[in-house]
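Spelled out from the first residue to the last, the chains are:
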Amino acid sequence: MYDVKSYRLSEGDVQLSGHFKLHEFQCSDGSDVIFVSPALVDILESIRVHFGAAVSITSAYRTDAYNARVKDSSKKSKHCEGLAADIQVAGHTPREVYDYACQLLGDHGGVGIYDTFVHVDVRANKSRWKG
């Protein structure tokens, strides 16, 4: 299993990597605690560097209560463990991002392609899907 770190909302300006700050991973419900896997941050940083374009995180950590309100979300969502992010890369299609994320994650991690975004997670096993 991947390491997950716990932070407080007040630490939102903490730089987690060259291009990502903690506040980008916070739950949309404004909860105080934020869980983030450093391995997830590393994958997102690799995507950012590969494409040379901004990566927008549309959803990362979710509390169980918030996740229950997200349409079609899994009760076992990796977002609730701080292991997942839904992303968009400026100037690039979800297909381009999906293909690179699959290459990057190899035989592990989850990658799902949707009409407007790509889901990336750092689960131990390999999972690929179209949403």
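Residues numbered from 1 in each chain as written. Predicted model: local features only at pLDDT ≥ 70, side-chain atom pairs only at ≥ 80, totals over all residues. Heavy atoms only, no water.

The chain has the name DUF882 domain-containing protein in an unreviewed UniProt entry, where Candidatus Faecalibacterium intestinigallinarum is given as its organism.

A. Focus on the sheet that holds strand E3 (residues 55-59). With respect to topology, five strands assemble into an open sheet ordered E3-E4-E6-E5-E7, the strand pairing being mixed. Bordering the open sheet on either side are E3 and strand E7 (126-130), each of which pairs with just one other strand. Sheet twist, expressed as the average angle between the axes of neighbouring strands with direction ignored, equals 25°. Relative to the sheet, helix H1 (residues 38-51) contacts E3, strand E4 (84-89) and strand E6 (118-121), its axis offset from that of E4 by approximately 10°. Packed onto the sheet, helix H3 (residues 94-105) meets E4, strand E5 (109-113), E6 and E7 and runs at close to 165° relative to E5. (Pairing = 2+ DSSP bridges. Helix = DSSP H or I, 4+ residues; strand = E, 2+ residues; numbered from the N terminus. Axes fitted to C-alpha atoms, helices over the stretch in contact; angles between N-to-C directions. Contact = heavy atoms within 4.5 Å.)

B. Representation of the packing of H1 against H3. At a minimum axis separation of 11 Å, H1 and H3 run at an interaxial angle of 125°. One element, H1, and the other, H3, form an angle in the oblique class. Handedness of the crossing formed by H1 with H3: right-handed. In this structure, H1 uses Ile43, Ser46, Ile47, His50 and Phe51 to contact H3, whose residues at the interface are Glu96, Val97, Tyr100, Ala101, Leu104 and Leu105. Per-class residue counts for the contact of H1 with H3 are eight nonpolar, two polar and one charged. (Parallel < 35°, antiparallel > 145°, perpendicular 65-115°, else oblique. Left-handed = near helix turned anticlockwise from the far one by under 90°. Nonpolar A, V, L, I, M, F, W, Y, C, P; charged D, E, K, R; others polar.)

C. Up close: the side chain of histidine 79. One can find histidine 79 in the loop between helix H2 (64-69) and E4. Note on histidine 79: relative accessible area 2%, which makes it buried. Apart from the residues lying within four places of it in its own chain, the contact partners of histidine 79 are Ser59, Ala60, Tyr61, Arg62, Ala84, Ala85, Asp86 and His119. (Buried < 20%, exposed > 50% of the residue type's maximum accessible area, 1.4 Å probe, protein only.)

D. Seen up close, the pattern of salt bridges. Under the defined criterion, the tally for this structure stands at five salt bridges. We note a salt bridge from aspartate 86 to arginine 62, for which the minimum N-O separation is 3.4 Å. Pair noted here: aspartate 86 is in strand E4 and arginine 62 is in the loop between E3 and H2, with a separation of 24 residues, a long-range link. Under the relative-accessibility criterion, aspartate 86 is labelled buried at 7%. Of the residues examined, arginine 62 reaches a relative accessible area of 7% and is grouped as buried. Measuring nitrogen to oxygen at the nearest pair gives 3.2 Å for the salt bridge that ties aspartate 99 to arginine 95. Of the two residues, aspartate 99 and arginine 95 both sit in helix H3, four residues apart, roughly one turn of that helix. (Salt bridge = Lys/Arg side-chain N within 4 Å of Asp/Glu carboxyl O.)

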